[in-house]
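# Examination of the molecular architecture
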Amino acid sequence: MTQPFDDAELGALLDRIVAAVLPTLGQGKVADYIPALAAVDPNKLGIAVTTVDGRQFVAGDARETFSIQSISKVFTLTMALELVGDDLWQRVGREPSGTPFNSLVQLEYERGIPRNPLINAGALVVTDAIVAATASNPPIKAILDFIRVRAANPGVRIDGEVAQSEKAWGYRNSALANLMKAFGNMKSPVNEVLDTYFSQCSIVMSCADLSRAILYLANGGTDPLSGEKIISEQGARRINAIMLTCGHYDASGDFAFRVGVPAKSGVGGGIVAVVPGRMGIAVWSPALSPQGNSVAGTRALEQFTAATGYSIFE
Ligand code: GLN
């Protein structure tokens, strides 16, 4: 890097990125495995940054809410690690899978132990750990509350129509959960875990919400604005490592190559990213690559780290 980036320029930079990426919209395909997501406008583009010292910058459609889908897996992983600690790693690995997010093939070969917590099978194990540990409460309430507090927005909610749709079309997720049950890697009743998982995927948030909610992972596990310790420093480092290596499924290597920060995508078109020590970032644009990651969102993040030098490899 020649000149260090002055972060007073962040607002102007986000505007420039949206202006540069908007004309390239039109590549990729909106998720169509459920009708509720297929109806989303592919021409949306939003980006938001929240810094560890509490400044927020937004551009484009950053205040519109969308289905967070697999981004929820980062929050549930945090909760499960706090609830069951390192025992979780007996049940789920931490290697990139190199396979699609909902693949069944590897799970059979590897005897019901998912490769990592950010593919669907792994996230189902994580949700099972939460369901098993919060038996007295509806577990989804604990998950929603956790995310509301992280986002400092009590209005964060579940889209009931998406949740119903996920359930009605959840054949693959149901197959994954049942296969793991057969291998003894699912403690709670399969339907309870699936219902909780479908509901967590159906949470709707904006880029502004998400960039705030992920801030604890940019600050060693402690929310820098409330002072609340969410997870240990080691735990935060590990989640960031897993996001970097596994957060984009079989395109995780390509994302690290192009963008270079820990991040997690969802098929709603959102991506949440962490610049350790500095900020949380969220982007949203619904059209997806064949691997299920936002095409324009990835491009926007690529421009962001190129302009700021905030890749972790800089
Ligand atoms: N609800 C989606 C599924 O389970 C989430 C997948 C994703 O966002 N990649 O298939």
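Attention in this report is confined to the structure presented alongside it.

Cut-offs used in this document
- Think of each chain on its own: its residues are numbered from 1, step by step along the sequence as written.
- Only residues with pLDDT of at least 70 get local features here, since the model is predicted, and only at 80 or more are side-chain atom pairs given and counted; chain-wide, interface and lining totals rely on the full set of residues.
- With hydrogens and water set aside, each side-chain value is computed from the structure's full complement of heavy atoms.
- A pair is scored as a salt bridge if a Lys or Arg side-chain nitrogen falls within 4 Å of a carboxyl oxygen belonging to Asp or Glu.
- In DSSP terms, a helix is any run of H or I states spanning at least four residues, a strand is any run of E spanning at least two, and both are numbered starting from the N terminus.
- Summary of the burial criterion: residues with accessible area below 20% of their type's maximum are buried, those above 50% are exposed, and those between are partly exposed, where the area comes from a 1.4 Å probe applied to protein chains only.
- The pairing criterion for strands is at least two bridges between them, as found by DSSP.
- By this rule, a helix spans an expected 1.5 Å times one less than how many residues it contains.
- Picture the helix axis, draw a direction to every C-beta atom, and the arc is the one those directions span.
- Only heavy atoms enter the contact rule, under which two residues are in contact if any of them lie within 4.5 Å.
- When the sulfur atoms of two cysteines come within 2.5 Å, that pair is taken as a disulfide.
- Counting of polar contacts relies on pairs of N or O atoms within 3.5 Å, with two restrictions inside protein: one atom must be capable of donating a hydrogen and the other of accepting it, and residues adjacent in sequence are counted only when both atoms are side-chain atoms.

## Considering the pattern of salt bridges
The final tally for this structure, using the stated rule, is 14 salt bridges. Of the charged contacts, one joins R258 and E302 as a salt bridge, the two residues approaching to 3.0 Å between their closest N and O atoms. Residue R258 is found in helix α12 (residues 252-258), and its partner E302 is found in helix α13 (residues 295-308); the two are separated by 44 residues along the sequence. Given the relative accessible area of 30%, R258 is considered partly exposed. Several salt bridges converge on common partners, so that one network encompasses D7, D53 and R55.

## As for the pairing of strand β2 (residues 46-51)
Burial analysis of β2 places six of its six residues in the buried class, the great majority of the element. Because side chains alternate across β2, one face comprises the buried residues G46, A48 and T50, and the other comprises I47, V49 and T51, equally buried. In terms of strand pairing, β2 meets strand β3 (residues 56-60) through five bridges, oriented antiparallel. Bridge assignment links A48 to a residue of β3, and that residue is V58. Hairpin remark: β2 followed by β3, antiparallel, with four residues in the connecting loop; positive phi at G54, about 90 degrees. In terms of strand pairing, β2 meets strand β9 (residues 279-284) through six bridges, oriented antiparallel. Residue pairing across strands places I47 opposite V283, the latter belonging to β9.

## Quick look at helix α6 (residues 139-151)
Spanning 13 residues, α6 covers 19 Å between terminal C-alpha atoms, matching the ideal 18 Å at 1.5 Å per step. Of the residues making up α6, those classed as buried are P139, I140, I143, L144, F146, I147, R150 and A151. The buried residues of α6 all sit within an arc of 155 degrees when viewed along its axis, so they share a single face. Tucked into the core, α6 has its buried residues touching α3 (72-84), α5 (120-133), β5 (157-158), α9 (190-201), β6 (203-205) and α10 (207-213). Trailing α6 by a residue or two, A152 shows a phi angle of about 50 degrees, which is positive.

## Description of the state of the cysteines
According to the stated counting rule, one finds zero disulfides in the structure shown. Unpaired in this structure, C201 has its nearest cysteine sulfur neighbour in C246, at a distance of 17 Å. Judged by relative accessible area, C201 falls into the buried class, the value being 2%. The thiol of C207 is not disulfide-bonded; the next cysteine sulfur, from C201, is found 18 Å away.

## With respect to the side chain of S206
You can see S206 is positioned in the loop between β6 and α10. A polar atom in the side chain of S206 sits 3.0 Å from the backbone nitrogen of D209. When sequence neighbours within four positions are dropped, the list of residues in contact with S206 reads A62, R63, E64, T65 and F66.

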